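Now for the letters of each chain:
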Amino acid sequence: MTTPATRRDLRLDGVLLAVVLVLALASLMAGSAPLSPQAVLAALAGDESVAGVIVREIRLPRTLLAMLIGATYGLAGAALQGLVRNPLAEPALFGAPQAAAAGAALVIAFGLAGATSLAVPFAGVAGALISIGGLVAIAGRRASLTVTLLAGLALASFAGAATALVLNLAPNPFIALEIAFWLLGSLQDRSIDHVVLAVPFFLVSWVVLASQAGSFRALTLGEDAAASLGVAVDRTRIAVVIGVALGVGAAVAVSGAIGFIGLVAPHLVRRAVSFDPARVMLPAALAGAALLTAADIAVRLVPGAIEIKLGVVTALIGVPFFLAMIFSERRTLEGAPS
Amino acid sequence: MSGESPALLAAESVSVALGGVGVVHGASLTLRPGEIVALVGPNGAGKTTLMRALTGLLAPASGQLLVGGQSLGGMTPRERSRRIAYLPQGHVFHWPMAVGDVVMLGRHPHADPFTGTTEADRAAVERALVATTTAAFAARPVTSLSGGERARVALARALATEAPVLLADEPTASLDPRHQLVVMELLRQAAHSGGGVLAILHDLTLAARYCDRVVIMDRGRIVADTAPAEALNPARVAAVFGVETVHVDIGEGFAPLLRRPL
């Protein structure tokens, strides 16, 4: 808000952007055929070698998706946390990716659409919309975190059951297996078509969520005080539901379920923006992009015949992180005045 | 409609229902410039509900709310927020933001997304910080403050809006005696500089000592709206609150002293 803070934020955003770009370059270099930075740059410039094809057709879509999806989850997490005013809020805890996966799985399993058709992200968005909308409706205006998390748990379990039902009833065991793997979350073998498919959803999601930044800041004082300051709290709530559903739904449609970026990314940068729920949004998006790109490099560097799925890695890292946050926040969670 | 001197805020037979149940019945009151008015009543009398309606957070089931002669219901949230500052119960801060940034939230009604923070915003925040003597910890996280300090910061946030009307819900709750007096002095100061202040209070002595008028609510109705000595006469306090009181002369007015429950 004040000028020094703005300057600090710009510096933070600049550093994070540089990290993202370095990681993106590393992501283009990493793989079963490691490439030099020069080779990557030549490939991006359009050379006709095999390396050029590998970079442009295999690694570039994957890298772009990692950055875009990471940024989307980071922003979605920051927005949900701003809305419910708690750092432990995260789309995966509210069942959003699970529900999006159920929607997408339904469409794929019954052959309603090919894996790169628009029906998949729309089904994902619909699933996420139901779960986040349901959560906000159930948890209500003055929901405690306990109610919110319990409702999220229930919705996530239900979404899991719905997905299991889809797998159960899948007409073809190969499709069921394919969906089961896809649900683990991965950016392997994605094409530029996937990027094109998801980008419009991401852009709308970012604009919708970012437009609520000022409201999140006012919500620091609680809903009544925010409303008295001219914030249309109901509209903010709807905007967050739609923004998160669009982003998460489309992300899940192209990558399967990848969790916990929305929890970890805002947490990493929150202190640097003095816990301001509006200023945290851009750094959280950049940190999310960096985290997911780094994780996607990591899964390619681990030796072994089978690539570890990205969603498995983010969960393996994210859940202990979540537990550590609960541990450090437990005094607040146990009802001490915040 | 609202009399000869223009009321900052006027409620005319306002009824409010929560979940279909009537909570406030036909309440009328006015708030004029320079006035500080106490809203008192037993728990569950409908004070907070009435105040939330006056703020525009709840739509009345019937009756009319006027702000400076204009209908509150016809205003945009933004117009409303510039005219009425509201300090809810509890002084909640959900993030450990810096005190100065929290007080700046009071400027949200004036914020323009294209110009950002203006000189006027900074000046208003500075005045609010100075008035509440919170300037010294403007850079500290608000969650690190004591209850009394938080109450002053919450008040500074409401004052920073520089709205003509300030509605404060239990601004002195859970404060030590000195901070209760400090907060009441600040509210009186805000009123005497030309605004109108309505404060929900549980302490009848504070209401009697600091307020120009006392409005008493009982079971959703306003049962008194007059000068403190008359409003808080022992017979009415006994009937509404179920406590026996005596008026103690303290030189500059009186203080109702609680003796025993009836």
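Everything discussed here concerns the structure shown above.
Residues numbered from 1 in each chain as written. Chains lettered and ligands numbered in written order. Predicted model: local features only at pLDDT ≥ 70, side-chain atom pairs only at ≥ 80, totals over all residues. Heavy atoms only, no water.

**Overview of the overall build of chain A**
Along the backbone of chain A there are 14 helices and zero strands. When the elements of chain A are put in sequence order from the N terminus, they spell out α-α-α-α-α-α-α-α-α-α-α-α-α-α. Rg of the C-alpha trace for chain A: 20 Å, near the compact-globule value of 20 Å for 338 residues, within the 12% margin. With the C-alpha coordinates of chain A rotated into their principal frame, the extents come out at 60 × 55 × 35 Å. Within chain A, the proportion of its 338 residues that are buried is 54%. Long-range contacts, defined as pairs at least 24 residues apart, comprise 77% of the intrachain contacts of chain A with a sequence gap of at least 6. Roughly 14100 Å² of accessible area belongs to chain A as shown, and the carbon and sulfur atoms make up 72% of that amount. (Helix = DSSP H or I, 4+ residues; strand = E, 2+ residues; numbered from the N terminus. Rg over C-alpha atoms; globule rule 2.2 N^0.38 Å. Buried < 20%, exposed > 50% of the residue type's maximum accessible area, 1.4 Å probe, protein only. Contact = heavy atoms within 4.5 Å. Areas by Shrake-Rupley, 256 points an atom, 1.4 Å probe, with all protein chains shown as cover.)

**A word on the side chain of Ser27 of chain A**
With respect to the element layout, Ser27 of chain A can be found in helix 1 (residues 3-29). Given a relative accessible area of 0%, Ser27 of chain A falls into the buried group.

**Describing the interface of chain A and chain B**
At the interface, 29 residues of chain A touch 27 residues of chain B. At the junction of chain A with chain B, the criterion picks out one salt bridge. For the salt bridge of Arg52 of chain B with Asp224 of chain A, the shortest nitrogen-to-oxygen distance reads 2.9 Å. The tally of links between chain A and chain B comes to four residue pairs in polar contact (both at pLDDT 80 or more). Elements that contribute at least two residues to the side of chain A that touches chain B include exactly helix 3 (50-84), helix 9 (213-219) and helix 10 (223-228) of chain A. Here the side of chain A that touches chain B is composed, by residue class, of 11 nonpolar, 10 polar and eight charged. (Salt bridge = Lys/Arg side-chain N within 4 Å of Asp/Glu carboxyl O. Polar contact = N/O pair within 3.5 Å; in protein donor to acceptor, adjacent residues only side chain to side chain. Nonpolar A, V, L, I, M, F, W, Y, C, P; charged D, E, K, R; others polar.)

**A few points about the pairing of strand 4 (residues 62-67) of chain B**
All names here are of chain B. Of the pairings in the sheet, the one linking strand 1 (residues 9-18) to strand 4 comprises five bridges and is antiparallel in character. By the bridge assignment, Ala10 is partnered in strand 4 with Leu66. Relative to strand 5 (residues 70-71), strand 4 runs antiparallel, the two being bridged by two bridges. Opposite Leu66, over in strand 5, you have Ser71 as the bridge partner. Counted along the chain from strand 4 to the antiparallel partner strand 5, the turn is two residues long, and its residue Gly68 has a positive phi close to 55 degrees. (Pairing = 2+ DSSP bridges.)

**Let's talk about the nonpolar core**
For soluble globular proteins, nonpolar side chains are generally found buried alongside one another. Ranked by size, the top nonpolar core spans 155 residues in total, and within it Ile69 and Met281 of chain A together with Val103, Val153 and Leu187 of chain B carry the most contacts. With 13 residues, helix 3 of chain A is the largest single contributor of residues to this core. Leave out the neighbours within four places in its chain, and Leu187 of chain B touches Ile36, Leu155, Leu166, Pro171, Val197 and Ala199 of chain B. Core analysis: the second largest hydrophobic core is formed by 29 residues, Ala45, Leu65, Tyr86 and Met217 of chain B among them. (Core = buried A, V, L, I, M, F, W, Y, C linked by side-chain atoms within 4.5 Å.)

**Here's the deal with the sheet that holds strand 8 (residues 196-200) of chain B**
Residues and elements named next belong to chain B. Strands sit in the order 6-7-8-3-9-10 across an open sheet of six strands; the sheet is mixed. Either end of the sheet is taken by a strand with one partner, and the two such strands are strand 6 (84-87) and strand 10 (221-226). Here the strands of the sheet are splayed against their neighbours by 15 degrees on average, with no regard to which way each runs. Sheet topology places strand 9 (residues 213-218) next to strand 10; five bridges connect them, and they run antiparallel. Residue pairing in the sheet places Val214 in a bridge with Thr226 of strand 10. Across the sheet, helix 5 (residues 147-160) touches strand 6 and strand 7 (165-169), and the angle it forms with strand 6 is around 170 degrees. (Axes fitted to C-alpha atoms, helices over the stretch in contact; angles between N-to-C directions.)

**Observations concerning helix 3 of chain A**
Residues and elements named next belong to chain A. Compared with an ideal rise of 1.5 Å per residue, which puts 35 residues at 51 Å, helix 3 spans 50 Å between its outermost C-alpha atoms and is within 8% of the ideal. The largest bend in helix 3 comes to about 45 degrees, at Arg59, with the proline Pro61 one to four residues further on. For helix 3, the buried fraction is high: 26 of the 35 residues fall into the buried class. A side-chain oxygen of the first residue of helix 3 lies 3.4 Å from the backbone nitrogen of Ala51; this N-cap is Ser49. (Expected span 1.5 Å × (residues − 1). Bend = angle between axes of the 7 residues up to and from the residue.)

**A look at the environment of Leu44 of chain A**
Residue and element names in this part refer to chain A. Take Leu44: it is sitting in helix 2 (residues 37-44). With relative accessibility at 41%, the residue Leu44 sits in the partly exposed group. For the pair Leu44 and Phe158, spaced 114 residues apart in the sequence, the C-alpha separation amounts to 44 Å. Setting aside chain neighbours within four positions, we find Leu44 in contact with Leu28, Val55 and Leu60.

**Focus on the pattern of salt bridges**
Residues and elements named next belong to chain A. Under the counting rule described, the total for this entry stands at 18 salt bridges over all chains. The shortest N-O distance in the salt bridge between Asp296 and Arg62 comes to 2.8 Å. Linking Asp296 in helix 13 (residues 281-301) with Arg62 in helix 3, this pair joins segments that are 234 residues apart in sequence. The burial state of Asp296 is the same as that of Arg62; both residues are buried.

**With respect to the packing of aromatic side chains**
Each aromatic ring pair is described using two quantities: the centre-to-centre distance and the angle formed by the ring planes. Residue and element names in this part refer to chain A. Applying the stated criterion across every chain, the model contains two aromatic pairs over all chains. Ring centres 5.2 Å apart and planes at 75 degrees place the aromatic pair Phe122 and Phe201 in the edge-to-face group. Of the two residues, Phe122 is situated in helix 5 (residues 119-139) and Phe201 in helix 8 (residues 192-210); the sequence distance between them amounts to 79 residues. For Phe122, a relative accessible area of 49% translates into the label partly exposed. With a centroid separation of 6.5 Å and an interplanar angle of 45 degrees, the aromatic rings of Phe260 and Phe322 are classed as tilted. Highlighted residues: Phe260 in the loop between helix 11 (233-255) and helix 12 (261-270) and Phe322 in helix 14 (residues 310-333), separated in sequence by 62 residues. (Phe/Tyr/Trp six-rings, centres within 6.5 Å; stacked < 30°, edge-to-face > 60°.)

**Focus on the packing of helix 2 of chain A against helix 3 of chain A**
All names here are of chain A. Between helix 2 and helix 3, whose axes approach to 8 Å, the crossing angle comes to 80 degrees. Taken together, helix 2 and helix 3 sit at an angle that is classed as roughly perpendicular. Of the residues in helix 3, those in contact with Val40, Ala43 and Leu44 of helix 2 are Ala51, Gly52, Val55, Arg56 and Leu60. Residue composition of the contact of helix 2 with helix 3, grouped by class: six nonpolar, one polar and one charged. (Parallel < 35°, antiparallel > 145°, perpendicular 65-115°, else oblique.)

**A short note on a nonpolar patch on the surface**
Where nonpolar side chains cluster on the molecular surface, the patch consists of Leu106, Phe110, Leu165 and Leu169 of chain A and spans about 370 Å² of accessible area. Positionally, Phe110 of chain A belongs in the loop between helix 4 (96-109) and helix 5. (Patch = residues over 30% accessible without salt bridge, like charges linked within 9 Å, V, L, I, M, F, W, Y side chains within 5 Å.)

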